[in-house]
Amino acid sequence: MCTNMASGSGPVSALWTEINRCGQNGDFTRALKAVNKILHENKDDVTALHCKIVCLIQNGGFKEALNVMNTHTKSLTSDMIGFEKAYCEYRLNRVEHALKTIQGIPEQTDKLKELYGQVLYRLERYDECLAVYKDMIRNSQDDYEEERKTNLSAVLAAQSTWESTSEDLGLPESSYELCYNAACFLIGQGQLSQGMQKLQKAEELCRKSLAEDSDVTEEDVDAELAIIHSQMAYVMQLQGRTEDALQLYNQVIKLKPSDVGLLAVTANNIITINKDQNVFDSKKKVKLTSAEGVEHKLATKQLQAIEINKALLAMYTNQADQCNKMLASLQTQNPGHPRPVLIKVAQLCREKQHNKAIELLQVLCPPDTFISAICGHVTKACDILKSIEEIKYKPGMLSALVTMYTHEEDIDSAIDVFTQAIQYYQSEQPGSAIHLSLVREAANCKLKYGRKKEATSDLEQLWKQNTNDVHTLAQLISAYSLVDQDKAKALSKHLPSPDTMSFNVDVDELENSHGATYIRKKAAKVVGESQPKEPGPEDVKKKKKKKKGKLPKNYDPKSTPDPERWLPMRERSYYRGKKKGKRKEQVGRGTQGATSGASAELDASKSASSPPTSPRPGSGTGTATATSNAVPPRQQKPAAAGATRKKAPQKKKKGGKGGW
């Protein structure tokens, strides 16, 4: 190619040589510059145009490459650049256009078939995609056989998950991708325990393959394992181990993987666990489900489930307008889907528009059902609901029946609903996710209402499905402890030993952490090794002598203390109020004509017959008897009260914080 184009022009020949060398070295940016120089001389050079398209594709310029093809449609025919055009349309998520382009190419090469299989997978046409990959594996002999088998296993897993029908082709599990797809296939078939074992094997293979590369860091390993861990959490969620699932989901979110589809699915599953609780966390997670490019990474049913959960979250957060808009969009896209209608009914009930809610419900179910429920005949409504064979064993219907029966305190009927449903799924879909979830809910219901003997059979069935489920084993032992203690002791042997359950916890670090309520004091470090010495008399801690309280100066140990000495004077029983001060003789005071002599005559205290006043302790007045018998004010007993007097009302002090 380069030799023919080089004839007649030296500089052009040198440019083609450089393009050839850059192509072999993978330097497509430099090759593109050389191609543009050739096209500057001859803009219709077909070979140069083709080289330019290849260079743009290698550099990720799919739009520019497509523009070059559309501009030179006359010189660039479909059989020449058909593959490149289809590939650009596929990478730009114009999958329908890519399919038409592929179907319009007369010669179907191997690379075109590979692209055709990818396009069919994106369009969710799994049967056709399966046929394409089977044909390629049969008729091709190159180094890409394992990659084709990986793609084939992905198609089988998608069929099992979204269409519930698939065939096991017995593909090898030599790589962690093949093992992961095999796990997804089993999970789609409802074989959760086997699926979890395959996921664990896929994790081991992934770690082993990445350990061979010295340039791979621990962060790279965690990023590669994110999709496996998210799928493990999904299995745990289906098994009812929501706490374990939530912990693993959050670990994946913290890694911030580059795959927006993985982030969206993980965030959506966290929202389904939160339900109407922890709404603030759900509002943060819902942003991850709306990232750019999510719609091109997920299947139609995944996108549908995410939109339904968004509508439910809007309802729980009282965003009625937003919820109604989402529901209108969902009903337009999926006119036969019942969930948007049911969410609309719930939203109308929250808005107390019950008549409109009833009208919507009558579209889904016979009107007699809702008339019975509205009129308060709950038992009759349950009988009508159970008579509808099409929806008799649907999870939503079972939930409604159990809720209504428990509300009426008819626990026997509620348990009977579980029993019939479990028998149905035992015969139709044994070991499926819905079968195991019903068994778990039945066990929880029986335990809640004290039917521990009846719950043992359900718990045993769950434990046999997954003998590593310690939570179920603990529930089973607890149930048997009140029914059959010997059986409980026998089962307790299956509990993990304390050594296996122990965690690598640094006790000192935990005690010294922020928020620790008790911190153990560490012993002081001793420099050097010395023998402990015997405690001498100087080392004995001296006891502090208790200091005696001060006593009043006139304290008499023989007298009995006043029992009311701690009360304020006003509150003591012998308080008689304050005595008014005696009027002093004052000149120019009193009535007209009064004299000081007259006032002195009227003063009883100056007469000889008046009794002495009560002396203060230590005073020289009064008789010797009175002095010797005097006691301090805090020890003096009150004399027998004569006529009682009314206690003067206390006045409130103004100002201050105390009030009194």
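If you're wondering where the values come from, they're calculated on a predicted model, not measured in any experiment.

The next subject is the overall build of the protein. Each helix and strand in the protein was counted, giving 32 helices and zero strands. Sorting the 660 residues of the protein into buried and exposed places 32% on the buried side. Partitioning the contacts of the protein with sequence separation of at least 6, the portion at a separation of at least 24 is 46%. When the accessible surface of the protein is totalled, it reaches about 44,400 Å², and 51% of it is carbon and sulfur.

Quick look at the pattern of salt bridges now. Under the definition given, this model contains 15 salt bridges. With a closest N to O distance of 3.4 Å, glutamate 307 and lysine 310 form a salt bridge. With glutamate 307 and lysine 310 both in helix α17 (residues 300-316) and three residues apart, the pair spans about one turn of that helix. The class for glutamate 307 is partly exposed, based on a relative accessible area of 31%. Each member of the salt-bridge network shares a partner with another, and the members are Glu114, Asp142 and Arg148.

Next up on the list: the packing of aromatic side chains. Tallied over the entire structure, the rule returns five aromatic pairs. Each ring, one from phenylalanine 83 and one from tyrosine 87, has its centre 6.2 Å from the other, and the planes form 20°; the classification is stacked. Linking phenylalanine 83 with tyrosine 87, this pair stays in helix α6 (residues 78-91), spanning four residues, or about one helical turn. Judged by relative accessible area, phenylalanine 83 falls into the partly exposed class, the value being 23%. Ring centres of tyrosine 393 and tyrosine 424 lie 4.3 Å apart, and the angle between their planes is 10°; on these two criteria the pair is classed as stacked. Of this pair, tyrosine 393 sits in the loop between α22 (378-386) and α23 (395-407) while tyrosine 424 sits in helix α24 (residues 411-428), placing them 31 residues apart in sequence. A residue is classified by how much of its surface remains accessible, and tyrosine 424, at 33% relative accessible area, is partly exposed. Here the guanidinium or amino end of lysine 111 rests over the ring plane of phenylalanine 83, the centre of that ring lying 4.7 Å away.

On to helix α15 (residues 260-274), then. The first and last C-alpha atoms of α15 sit 21 Å apart over 15 residues, in line with the 21 Å expected at 1.5 Å per residue. Burial analysis of α15 places twelve of its 15 residues in the buried class, which makes it a mostly covered element. Among the residues making up α15, those that are buried are Gly261, Leu262, Leu263, Ala264, Thr266, Ala267, Asn268, Asn269, Ile270, Ile271, Ile273 and Asn274. Where the residues of α15 are buried, they touch α13 (218-238), α14 (242-255), α16 (279-285) and α17. Between the side-chain oxygen of the N-cap and the backbone nitrogen of glycine 261 there are 3.0 Å, and the N-cap of α15 in question is aspartate 259. Phi for lysine 275, located one or two positions after α15, is positive at around 55°.

Turning our attention to the UniProt feature "repeat: TPR" (unreviewed entry) in the protein. In the UniProt entry, the feature "repeat: TPR" (unreviewed entry) is given for residues 226-259. Span residues 226-259 is 79% helix and 0% strand, its end C-alpha atoms 10 Å apart.

As a rule of thumb, soluble globular proteins bury nonpolar side chains together. Core analysis: the largest hydrophobic core is formed by 51 residues, its most contacted members being Leu199, Ile228 and Leu438. At seven residues, the largest contribution of residues to this core is made by α13. Dropping the residues within four chain positions of it, leucine 438 is found in contact with Leu398, Phe418, Ala421, Ile422 and Tyr425. Counting residues in each nonpolar core, the second largest holds 27 residues, with Ile38, Leu39, Ile57 and Phe62 among its members.

Our focus in this paragraph is helix α7 (residues 95-103). Three or more residues of α7 are buried, namely Val95, Ala98, Leu99, Thr101 and Ile102. One side of α7 carries all its buried residues, which in axial view fall inside an arc of 165°. Summarising the contacts, the buried residues of α7 are in contact with α6 and α8 (110-122).

Per-residue pLDDT for the protein has a mean of 78; in total, 76% of the residues score no lower than 70. Long-range and interchain partners of residues 1-8, a stretch whose pLDDT sits below 50, account for eight contacts in this model, where long-range means more than four residues apart. Throughout residues 594-660 the model reports pLDDT below 50, and contacts reaching past four residues in sequence, or to other chains, amount to 44 contacts.

On to the environment of glutamate 460. Tracing the backbone through its elements, the reader meets glutamate 460 in helix α26 (residues 452-465). C-alpha of glutamate 460 to C-alpha of leucine 476: the two residues are 16 residues apart in sequence and 6.9 Å apart in space.

Once that is clear, we can look at the environment of tyrosine 449. Considering the arrangement of structural elements, one finds tyrosine 449 in the loop between α25 (433-448) and α26. The spatial distance from the C-alpha of tyrosine 449 to the C-alpha of threonine 406 is 9.9 Å, given a sequence separation of 43 residues. Apart from the residues within four sequence positions on either side, tyrosine 449 is in contact with Thr406 and Ile411.

So, about the side chain of asparagine 268. Inspection of the secondary structure puts asparagine 268 in helix α15. Sequence-distant contacts of asparagine 268, defined by excluding residues within four places in its chain, comprise Thr289, Ala305, Ile306 and Asn309.

A few words now on the environment of aspartate 410. Inspection of the secondary structure assignment puts aspartate 410 in the loop between α23 and α24. For the pair formed by aspartate 410 and threonine 379, sequence separation is 31 residues and the distance between their alpha carbons is 9.4 Å.

A few words now on a negative patch on the surface. A cluster of like negative charges, contributed by Asp143, Glu146, Glu147, Glu177, Glu212, Asp213, Asp215, Glu219, Asp220 and Glu224, occupies part of the molecular surface. Elements with a minimum of two residues in the negative patch: α10 (145-163) and α13. Residue contributions to the negative patch peak at three residues, all from α13. Among the secondary structure elements, aspartate 220 is positioned in helix α13.

A few words on the side chain of serine 193. Along the chain, serine 193 turns up in helix α12 (residues 192-211). Aside from chain neighbours lying at most four places away, what touches serine 193 is Gln239, Gln465 and Asn466.

Thresholds applied
- Residues numbered from 1 in each chain as written.
- Predicted model: local features only at pLDDT ≥ 70, side-chain atom pairs only at ≥ 80, totals over all residues.
- Heavy atoms only, no water.
- Helix = DSSP H or I, 4+ residues; strand = E, 2+ residues; numbered from the N terminus.
- Buried < 20%, exposed > 50% of the residue type's maximum accessible area, 1.4 Å probe, protein only.
- Contact = heavy atoms within 4.5 Å.
- Areas by Shrake-Rupley, 256 points an atom, 1.4 Å probe, with all protein chains shown as cover.
- Salt bridge = Lys/Arg side-chain N within 4 Å of Asp/Glu carboxyl O.
- Phe/Tyr/Trp six-rings, centres within 6.5 Å; stacked < 30°, edge-to-face > 60°.
- Lys NZ or Arg CZ within 6 Å of the ring centre and 35° of its normal.
- Expected span 1.5 Å × (residues − 1).
- Polar contact = N/O pair within 3.5 Å; in protein donor to acceptor, adjacent residues only side chain to side chain.
- UniProt positions renumbered as here; feature names shortened; annotations may be inferred.
- Core = buried A, V, L, I, M, F, W, Y, C linked by side-chain atoms within 4.5 Å.
- Arc of directions from axis to C-beta.
- pLDDT = per-residue confidence, 0-100.
- Patch = residues over 30% accessible without salt bridge, like charges linked within 9 Å, V, L, I, M, F, W, Y side chains within 5 Å.
- Lys, Arg positive; Asp, Glu negative; His and termini not counted.
- Charge placed at Lys NZ, Arg CZ, Asp CG, Glu CD.

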